[in-house]
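Here is what each chain is made of, one letter per residue.
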Amino acid sequence: MSTSLIGTYAGASSDCFTAAVAGVMTMGLAGELALKALSSTDGIGTFRARLFDEIYRMTVETILKGGKLRYEQA
């Protein structure tokens, strides 16, 4: 699934590294949001459905608000 997200970003950018970072970040953020949406009685199948939902609902604003990127020059 992360590979699909990376491919989606790669189709919109000429920078493959940025596409990879954005895809992994989007997957991580969607996972965090899906986990928050679970109740104590939900199972792994519900998590998977919520994960798909969070990716579907992902917006630029969601990424800017919840995305965690840190760049350190070596």
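Residues numbered from 1 in each chain as written. Predicted model: local features only at pLDDT ≥ 70, side-chain atom pairs only at ≥ 80, totals over all residues. Heavy atoms only, no water.

Novice: How should I be thinking about the pattern of salt bridges in this particular structure?
Specialist: Side chains carrying opposite charge are able to pair once their charged atoms draw close together. Inspection of every chain in the model, using the stated rule, returns 3 salt bridges. Ionic pairing is found between Asp42 and Arg50, a salt bridge with its closest N-O pair at 3.4 Å. What makes Asp42 partly exposed here is its relative accessible area of 27%. When its relative accessible area of 26% is taken as the criterion, Arg50 is described as partly exposed. (Salt bridge = Lys/Arg side-chain N within 4 Å of Asp/Glu carboxyl O. Buried < 20%, exposed > 50% of the residue type's maximum accessible area, 1.4 Å probe, protein only.)

Novice: Please explain the environment of Gly31 as it appears in this structure.
Specialist: Relative to the helices and strands, Gly31 resides in helix α2 (residues 16-37). A relative accessible area of 16% places Gly31 in the buried class. Taking the C-alpha atoms as reference, Gly31 lies 8.8 Å from Ile55; in sequence the two are 24 residues apart. Excluding residues within four positions of it along the chain, Gly31 makes contact with Phe47 and Leu51. (Helix = DSSP H or I, 4+ residues; strand = E, 2+ residues; numbered from the N terminus. Contact = heavy atoms within 4.5 Å.)

Novice: For this particular structure, what's the right way to read the environment of Leu69?
Specialist: Examined against the element boundaries, Leu69 turns out to sit in the segment after α4 (60-66). It is 7.7 Å that separates the C-alpha atoms of Leu69 and Met25, two residues lying 44 residues apart in sequence.

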